[in-house]
Amino acid sequence: MNTLYDRFAGPARAALPRLTPAESAVVLRELERLERSARPGAVLDGRSPGPLLDGLRALAGEVPERLYADSADVLLRMHEIAGSGNLQSNLSSLPLVRACFELGLVPDGGEGGTAELIVGRGHIAPAFYAEHYVRGALPFTPLATLHQGGLTGVVDRELGFRNTMRYSLGVGVAQAVSLAWELTRRGTDRKVVCLAGDGELHEGVAFEALRFAHDVGLTNLVLVVDANAKGIEPLAKPVNTGYLAAYLGRLMEADGRDEWAVQAALGALLTLPGPSVLVCRTSKGEHSFRPSDAAARGPARPSFAAGAGRMLARHRERTGHEMAVFTPDLAARFGLRGHVPYTNTGLAETLTVGMTLSLPQDTLKVVATDAMYYMDSLSMLTEATTSVRNLLVLAGRSWGAWGGAHNATNLLGLLLHTKVYEPVTAAEFAACLARLGRDPATTHVVSMVDAAFDPPGEDCSADIDSGVWLTPPGVERADAAVVTFGYAGVLVDEANRGLGVPHLHCAALTPRLAPADLAVLRGCRRLLSVEYNGARGGFGEGLRTRHLLPVEVHGVRRDIARQVHARQLPLHGMAPDMLRERLARLLESREAGHAPAHA
């Protein structure tokens, strides 16, 4: 059985060096209690193990000491311990979260509250955890594991939220409308309160959901907007209260920094008949949390994805090609500012792709999006791949929190007239753009890894559709070899140092391998493919089906968990030391033709 101890003990013990003495003492007491409760037949706080939130409430009762009395202080410590997160977003909504507790919208055990609460602004979940903690309903241990494999940073059913956030922003508004509609069909006037952000309302699904709510005459929806004038970047204009009032009727505004003002306004709307909207004027600092000692450590090493702006600028200088760049609030992630002009569509993913549809054919159209965001615009992206020339999609790949392995790259490879690449050097990136120039009718999707790494000594820039031997085979027939796609090549290259397993690196998801390279691979007794990607239907299986190679496929076997990148690698068997063990086993003899489909 997967117990609370199993879930939290490892991440919490790993966090101990970052805790204060008082925090460490409390965590160790809580872990000792969890370990005892994990034994067969044990009970916690007089109860047998049950749902996650119930178990955590019980632990909070067993170890009632509160280290902090202000949830803002708790939020800061959670982010300091994790070293990452969205502290400012959580602080922006904290007065609103506190008002929800005071109004009984957040059930403290038992069923339901005064109304149904949908948190569309799902990344403010830590604000709820912090408020639960100061109210005695959560222990400290899970707070010390935020983003580190214990406590998820977004709303989740297991932790008391109505809906799990597994997808993009804006979907919470649709979830709230869905619930309000269902309650209406059942003949109840129970209110549904949806917490959203002003940047989130840029999403197409939010517009569609509010239009539907108006057209079907929903009277039980209360939309609460954290209007801080920022998404990741500052918004071009303040939230349009006119359109919100047109769809939802009654509109009130409140100082969102004053929890009593928010509580009074929201409390009034809960008692008044009909749909309504509350706009809370708040403020927000930098989107991503930076530890206080970050300046002393110097600037963080930029990720490969963050070099996209510089590499696009070099392409423009080299070719003189006219360029139009669109991004849904992700300019910082791709390092666009100061390098190339761009248009921020403000989290409107479908519009981001749609803006390319009628531009001149010769214009290089760049959509700088995300492994999560492009899913919202998949239908429009399909339309674009069949009609737009010179279309480059920069698909960011961050394993910090979002997206399934298949969504990241493999799914895009299924679109018509599309080629998918994952470059790991600037020369490979340039080769992708050069190939687009030669084949403008094919959309080129360039997967941009949001991680910092040293590029390999060789790359596929001479022929972006082929492969290059990072570790060449010897003059005699190779008994074993490894073939990698994209970023996995960097990891395997590090793991292979000193082992000398012949290693063929590819930047193309569907490579066109040279006859000589295929001859080497076909002569191997054991052949391994590695991709930091979903294995089913991906790179390695493509090698099996296209070339009938007896490949053992090593890839991500399940969904990407909500953890920072450094913890993703060992979780999915991609850490260099783990890959080194896998390569060492590859050198063991096996009869050719009997390799399993998945390693």
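Not measured: the values here are computed from a predicted model.

What counts, and at which threshold
- Residues numbered from 1 in each chain as written.
- Predicted model: local features only at pLDDT ≥ 70, side-chain atom pairs only at ≥ 80, totals over all residues.
- Heavy atoms only, no water.
- pLDDT = per-residue confidence, 0-100.
- Contact = heavy atoms within 4.5 Å.
- Pairing = 2+ DSSP bridges.
- Helix = DSSP H or I, 4+ residues; strand = E, 2+ residues; numbered from the N terminus.
- Axes fitted to C-alpha atoms, helices over the stretch in contact; angles between N-to-C directions.
- Expected span 1.5 Å × (residues − 1).
- Buried < 20%, exposed > 50% of the residue type's maximum accessible area, 1.4 Å probe, protein only.
- Parallel < 35°, antiparallel > 145°, perpendicular 65-115°, else oblique.
- Nonpolar A, V, L, I, M, F, W, Y, C, P; charged D, E, K, R; others polar.
- Salt bridge = Lys/Arg side-chain N within 4 Å of Asp/Glu carboxyl O.
- Phe/Tyr/Trp six-rings, centres within 6.5 Å; stacked < 30°, edge-to-face > 60°.
- Lys NZ or Arg CZ within 6 Å of the ring centre and 35° of its normal.
- Right-handed = clockwise from strand over helix to strand, strands pointing away.

### Let's talk about the confidence of the model for the chain
Confidence along the chain averages 88 in pLDDT terms, with 89% of residues attaining 70 or more. A low-confidence stretch, residues 41-50 stays under pLDDT 50, and its non-local contacts, those more than four residues away or across chains, total 19 contacts.

### Topic: the sheet that holds strand 1 (residues 116-119)
Across the sheet, which stays open at both edges, the five strands sit in the order 1-2-3-5-4 with parallel pairing between neighbours. The open sheet has two edge strands, strand 1 and strand 4 (250-255), and neither has a second partner. The sheet shows a mean angle of 20 degrees between the axes of neighbouring strands, direction not considered. Running at roughly 170 degrees to strand 2 (residues 192-197), helix 7 (residues 171-185) makes contact with strand 1, strand 2 and strand 3 (221-227) of the sheet. In this fold helix 9 (residues 241-248) packs onto strand 3, strand 4 and strand 5 (276-281), with an angle of close to 155 degrees to the strand it touches most, strand 5.

### Details of the sheet that holds strand 15 (residues 526-534)
Taken together, five strands build an open sheet; the order of strands is 12-14-13-15-16 and the sheet is mixed. The two strands at the open ends of the sheet, each matched to only one other strand, are strand 12 (467-471) and strand 16 (551-556). Across the sheet, the axes of successive neighbouring strands diverge by a mean angle of 25 degrees, strand direction being ignored. Both strand 12 and strand 14 (residues 503-506) contribute to a ladder of four bridges, which runs antiparallel. Looking at strand 14, one finds that Val468 is bridged to His505. Here helix 17 (residues 487-495) sits on the sheet and contacts strand 12, strand 13 (480-485), strand 14 and strand 15; the angle it forms with strand 13, its principal contact strand, is near 140 degrees. Against the sheet, helix 19 (residues 539-547) touches strand 13, strand 14, strand 15 and strand 16, its axis set at about 160 degrees to strand 16.

### Structural notes on helix 2 (residues 21-37)
With 17 residues, helix 2 should reach 24 Å at 1.5 Å per residue; the first-to-last C-alpha distance of 24 Å fits that figure. For helix 2, the set of buried residues is Glu23, Ser24, Val26, Val27, Glu30, Leu31, Arg33, Leu34 and Ser37. On its buried face, helix 2 sits against helix 1 (4-15), helix 3 (52-62) and helix 4 (71-82).

### Here we look at the packing of helix 17 against helix 21 (residues 576-586)
One way to put it is that helix 17 packs onto helix 21 with a least axis distance of 8 Å and a crossing angle of 70 degrees. Viewed along their axes, helix 17 and helix 21 adopt a mutual orientation that is roughly perpendicular. Between helix 17, through Leu491, Val492, Glu494 and Ala495, and helix 21, the contact on the second element is made entirely by Pro576, Leu579, Arg580 and Leu583. Split into classes, the residues belonging to the contact of helix 17 with helix 21 amount to six nonpolar, no polar and two charged.

### Let's talk about the pattern of salt bridges
Counted according to the given criterion, the structure contains 32 salt bridges. One salt bridge in this structure joins Arg162 and Glu116, with 3.3 Å as the shortest N-O distance. Here Arg162 is found in the loop between helix 6 (125-134) and helix 7, whereas its partner Glu116 is found in strand 1, with 46 residues between them in sequence. Looking at Arg162, the relative accessible area reads 40%, which means it is partly exposed. Taking relative accessible area as the criterion, Glu116 reaches 16% and is therefore assigned buried. Note that Arg135 and Glu131 form a salt bridge whose closest N and O atoms lie 2.8 Å from each other. Given a relative accessible area of 37%, Arg135 falls into the partly exposed group. Salt bridges here are not isolated pairs; linked through shared partners, they connect Asp70, Arg98, Glu102, Glu131, Arg135 and Glu259.

### Side note on the packing of aromatic side chains
One pass over the full model with this rule turns up 12 aromatic pairs. Seen from their ring centres, Phe101 and Phe128 are 6.2 Å apart, and the 40 degrees between their planes marks the pair as tilted. In this pair, Phe101 sits in helix 5 (residues 87-102) while Phe128 sits in helix 6, placing the two residues 27 residues apart along the sequence. We classify Phe128 as buried; its relative accessible area is 2%. Taking 6.1 Å as the distance between ring centres and 85 degrees as the angle between the ring planes, the aromatic pair formed by Tyr243 and Tyr247 counts as edge-to-face. Of this pair, Tyr243 and Tyr247 both sit in helix 9, four residues apart, which is roughly one turn of the helix. On the basis of relative accessibility, which here comes to 28%, the residue Tyr247 falls in the partly exposed class. An aromatic cluster of at least three residues, connected via ring pairs, comprises Phe101, Phe128, Tyr129 and Phe161. When the ring centre of Tyr133 is taken as reference, the NZ or CZ atom of Arg66 above it lies at 4.3 Å. Positioned over the ring face of Trp181 is Arg185, at 4.8 Å from the centre of the ring.

### Considering the pairing of strand 5
Among the six residues that make up strand 5, five are buried, leaving the element largely enclosed by the rest of the structure. Pairing between strand 3 and strand 5: six bridges, direction parallel. By the bridge assignment, Val225 is partnered in strand 5 with Val279. Here six bridges tie strand 4 to strand 5, and the two strands are oriented parallel to one another. Paired with Ala254 across the two strands is Cys280, which belongs to strand 5. In this fold, strand 4 hands off to helix 10 (residues 259-271), which returns the chain to strand 5; that crossover is right-handed.

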